[in-house]
Amino acid sequence: MSERPDDLVRAVEATLFAAEMPMTAEAISTHLGGADVKAALRELAAHYEERGIAVVERAGRWHFQTAADLAHLLRREREETRRLSRAATETLAIVAYHEPVSRAEIEAIRGVQTAKGTLDVLLEAGWVRVAGRREVPGRPVIYATTPEFLAHFGLSSRKDLPGIDELKAAGLLDPVDDALEAALTRSEEAAAEEKETRQADENWSDGLASEDESA
Amino acid sequence: MSERPDDLVRAVEATLFAAEMPMTAEAISTHLGGADVKAALRELAAHYEERGIAVVERAGRWHFQTAADLAHLLRREREETRRLSRAATETLAIVAYHEPVSRAEIEAIRGVQTAKGTLDVLLEAGWVRVAGRREVPGRPVIYATTPEFLAHFGLSSRKDLPGIDELKAAGLLDPVDDALEAALTRSEEAAAEEKETRQADENWSDGLASEDESA
Amino acid sequence: MSQQDLDLPVTLQPAEEDWAGPAAAAGADEALYLELDGWEGPLDLLLDLARRQKVDLRKISILGLVDQYLLYIERAEELRLELAADYLVMAAWLAYLKSSLLLPREEQDQPSAEELAMRLQLRLQRLAAMRDAAARLMGRDRLGRDVFLRGAPEGLRVDRKNRWQCDWFDLVQAYGQVKARTAPVVHMVRDRMVMTLDSALARVSSMLGVTLDWIELREFLPPHADAKLRKSALASSFVAALELARMGKAEMVQEKTFGPLRLRRMTV
């Protein structure tokens, strides 16, 4: 395809390629039995100018590197959609209902220790922020939700979150097993009601879907 | 100096150059967001054909390596790679030319028991792998070569094994029993044909001898 | 005798070390007799002797080869070299092969000596082919010896970025569950009506005192008690009856399995 470069150029090219560190022209020359490699290096630099890799000199040492405009290829980002864990969801809910809260307060409300990573996930998601420190002994960091949190969950303000009474009415305050049982019993009841319920569900999920898209 | 290659070729070039391991065309394509890279790889291989470094395909994976004819320049500072024993070398050749092959089959060809360590050395070098079991009484383990084996010995695929076509044609990769049966059948056949056969044999052995010299 | 037994013996000698240092050069003729350790078994020695005939392995004289081998073993013994058993086994086998080959055809066993000779030849060819193949393989431009990978590749990195998913319902439900989980729990232990053994004992013995007739156990139970209390009373009364029987104060009879259990006072 392209013309065969002369042997010295080829030798310099291979030497530089196989080198584990950038090399000075002198070191390359020594390696190749004392040949004058300056011209060969210039020829290589010119040859690679337009290609995906480049031969460059930095502080007197030569090396191969990726073409500057392609450096982004070396680090690619892959976005993965992941569901929030149960612990993180609970923590987020507690921050939303009680903000600003410290980690100790979150743990007191959850009744379980909260791993540092759990809050990190929420910070990474951009839904929780550090909102300063509480002026009590130890000055613990306190957390609050962000505008992104409201946007993601389609809330105009935290006041839109259902209150405790509403949660109770929805059966969401029942212990998990009882709630499940109640749900099963309910499903066996009048089939006539079901249609209505489904209708309501759909309305609700429609609303959610559009929120998801906007998020 | 040379013409600027198209963006995809440059991207494939940069990706392959930066990679720490040989990459399949699929992996390169995935890294570059799904582009079809086959043509670009072919173009690169052609471009580098005459240069000090080369783009090669081994067992379906591509990598850059130094040109073979520059070995004498690059070898000097390198530690001499450890030599394989004759037993290990022969065993490796038998696995490569006969794969998949059991230990008993290797021993039948070599006429000696193969020490456990011999296969271990090849497994450890990453050139041979366990390829399952043969479904015969005793279910012996069978061995085959790896992509690393092909890469190490500069073979694109097993078809590139030196002389494999000639060995196959001469029946030298068939078990002794099959060859014996064939030979006996042949010897019982018309004596008139014998002359021709001998002629063919001579051609064959000439071919093999000349390959030996080139090796 | 099976085909297997007649075939070449596979020797039991383990191979030499698997990574050799710089290879020891073999070669000179007298070295042949001193390098016994250098052979990978008798088949290897046979192949080397065969190659000394400098003809195609397909045209090799098996009789000539047998003689060479036997001569070699003889000389090695004269030199007092220690021979591994497999070399001697091979020598014996080859001597047998030679005598068979020299016998008139009709006196031969099955398989014929020619067949055994051909088998030996085929095996030598196969070993030779693999030996050549190995040499050619080792002579290739090898990665890390003749050709090299890039010394310092930048490496390709894929940074994973998470896009977290959670919806309104999950959030609200999670809060509800936290609240439900941590709400103070009150345990209600319901009062169960029971008849203790003591009261059953008192009740049964006093009722037995009223009459000498047989009384069915059920009749001892409080007549207006609810179902749960009746169950408890039945169990306690039964145990009480057994206790009274043990003490010799009452006798019990049941005519058939699961039939009514009757009880009456023992008259002394």
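As the structure is a computational prediction, the values presented were derived from the model and not from experiment.

## Overview of the overall build of chain C
- Counting its secondary structure elements, chain C contains 9 helices and 5 strands.
- Written out in order from the N terminus, the α and β elements of chain C read α-β-α-α-α-α-α-β-α-α-β-α-β-β.
- Looking at the 268 residues of chain C, the share that counts as buried comes to 41%.
- Partitioning the intrachain contacts of chain C with sequence separation of at least 6 by distance along the chain shows that 58% fall at a separation of at least 24.
- Within the structure as shown, chain C displays about 15500 Å² of accessible surface, and the carbon and sulfur contribution to it stands at 54%.

## Quick look at the sheet that holds strand β4 (residues 250-254) of chain C
Residues and elements named next belong to chain C.
- Taken in spatial order, the 3 strands line up as β3-β5-β4 in an open sheet, and their pairing is antiparallel. Every interior strand has two partners, whereas the edge strands, β3 (215-216) and β4, have only one.
- Across 2 bridges, the pairing between β3 and strand β5 (residues 261-265) is antiparallel. Paired with E216 across the two strands is R262, which belongs to β5.
- Packing of helix α9 (residues 227-246) onto the sheet brings it into contact with β4 and β5, and relative to β4 it is tilted by some 120°.

## Quick notes on the interface of chain C and chain B
- Of the residues lining the interface, 55 residues belong to chain C; the matching set on chain B comes to 74 residues.
- Both faces considered, chain C and chain B share a buried interface measuring about 6000 Å² in area, 61% of it formed by carbon and sulfur atoms.
- For R119 of chain C, the salt bridge is made with D177 of chain B, and the minimal N-O distance between the two is 2.5 Å.
- Summed over the shared surface of chain C and chain B, the result is 14 residue pairs in polar contact (both at pLDDT 80 or more).

## Focus: the pairing of β5 of chain C
All names here are of chain C.
- Inspection of the sheet shows β4 paired to β5 by 5 bridges, in the antiparallel sense. Paired with A250 across the two strands is R265, which belongs to β5.
- Connecting the antiparallel pair β4 and β5 is a turn made up of 6 residues, with F258 showing a positive phi of about 65°.

## Let's talk about the packing of helix α3 (residues 42-52) of chain C against helix α4 (residues 62-78) of chain C
Residue and element names in this part refer to chain C.
- Where α3 contacts α4, the axes come no closer than 10 Å and their chain directions differ by 120°. Relative to α4, the element α3 is oriented oblique. The element α3 and its partner α4 pack so that their crossing is right-handed. Of the residues in α4, those in contact with P42, L45, L46, L49, A50 and R52 of α3 are L65, Q68, Y69 and Y72.
- Looking at the contact of α3 with α4 residue by residue, the classes come out as 8 nonpolar, 1 polar and 1 charged.

## Comments concerning the pattern of salt bridges
- Enumeration according to the criterion identifies 34 salt bridges over all chains in this entry.
- A salt bridge links K116 of chain A to D120 of chain A; the shortest N-O distance between them is 3.0 Å. You can see K116 of chain A and its partner D120 of chain A sitting in helix α6 (residues 116-125), 4 residues apart, about one turn around the helix.
- A salt bridge links R145 of chain C to D146 of chain C; the shortest N-O distance between them is 3.0 Å.
- Judged by relative accessible area, which is 2%, D146 of chain C ranks as buried.

## Observations concerning helix α3 (residues 38-48) of chain A
- Of the positions making up α3 of chain A, those classed as buried are A40, L41, L44, H47 and Y48 of chain A. Along the axis of α3 of chain A, the buried residues cluster in a sector spanning 125°; they form a single face.
- Elements in contact with the buried residues of α3 of chain A: α1 (7-18), α2 (25-31), β2 (53-58) and β3 (61-66) of chain A together with α3 (38-48) and β2 (53-58) of chain B.

## Notes on a nonpolar patch on the surface
All names here are of chain C.
- A cluster of nonpolar residues, L197, F238, V239 and L242, forms a patch on the protein surface that exposes about 320 Å² of accessible area.
- The greatest single-element share of the nonpolar patch, amounting to 3 residues, is contributed by α9.
- Residue position: F238 is located in helix α9.
- Residue F238 is classed as partly exposed on the basis of its relative accessible area, which comes to 35%.

## Examining the environment of R76 of chain A
- With respect to the helices and strands, R76 of chain A occurs in strand β4 (residues 75-83).
- When residues no more than four places from it in sequence are discounted, the contact partners of R76 of chain A are T30 and H31 of chain B together with R157, V158 and D159 of chain C.

## Some words on the sheet that holds strand β5 (residues 101-102) of chain A
All names here are of chain A.
- The 3 strands are arranged β5-β7-β6 in an open sheet whose pairing can be described as antiparallel. Each end of this open sheet is capped by a strand with a single partner; those strands are β5 and β6 (128-133).
- The pairing of β6 with strand β7 (residues 141-145) spans 4 bridges and is classified as antiparallel. Bridge pairing in β7 places R129 opposite A144.

## Digging into the interface of chain A and chain B
- Taken together, the contact between chain A and chain B spans 34 residues of the former and 35 residues of the latter.
- Put simply, chain A and chain B have 4 salt bridges between them.
- Applying the counting criterion to the chain A and chain B interface returns 15 residue pairs in polar contact (both at pLDDT 80 or more).
- Contributing elements (two or more residues each) for the side of chain A that touches chain B: α1, α2, α3 and β3 of chain A.
- When residues in the side of chain A that touches chain B are grouped by element, the largest group, 8 residues, is from α1 of chain A.
- Here the residues of the side of chain A that touches chain B sort into 17 nonpolar, 8 polar and 9 charged.

What counts as what
Residues numbered from 1 in each chain as written. Chains lettered and ligands numbered in written order. Predicted model: local features only at pLDDT ≥ 70, side-chain atom pairs only at ≥ 80, totals over all residues. Heavy atoms only, no water. Helix = DSSP H or I, 4+ residues; strand = E, 2+ residues; numbered from the N terminus. Buried < 20%, exposed > 50% of the residue type's maximum accessible area, 1.4 Å probe, protein only. Contact = heavy atoms within 4.5 Å. Areas by Shrake-Rupley, 256 points an atom, 1.4 Å probe, with all protein chains shown as cover. Pairing = 2+ DSSP bridges. Axes fitted to C-alpha atoms, helices over the stretch in contact; angles between N-to-C directions. Buried area = accessible area lost by both parts, 1.4 Å probe. Salt bridge = Lys/Arg side-chain N within 4 Å of Asp/Glu carboxyl O. Polar contact = N/O pair within 3.5 Å; in protein donor to acceptor, adjacent residues only side chain to side chain. Parallel < 35°, antiparallel > 145°, perpendicular 65-115°, else oblique. Left-handed = near helix turned anticlockwise from the far one by under 90°. Nonpolar A, V, L, I, M, F, W, Y, C, P; charged D, E, K, R; others polar. Arc of directions from axis to C-beta. Patch = residues over 30% accessible without salt bridge, like charges linked within 9 Å, V, L, I, M, F, W, Y side chains within 5 Å.

Keep in mind that these numbers describe shape and distance, not what the molecule does.
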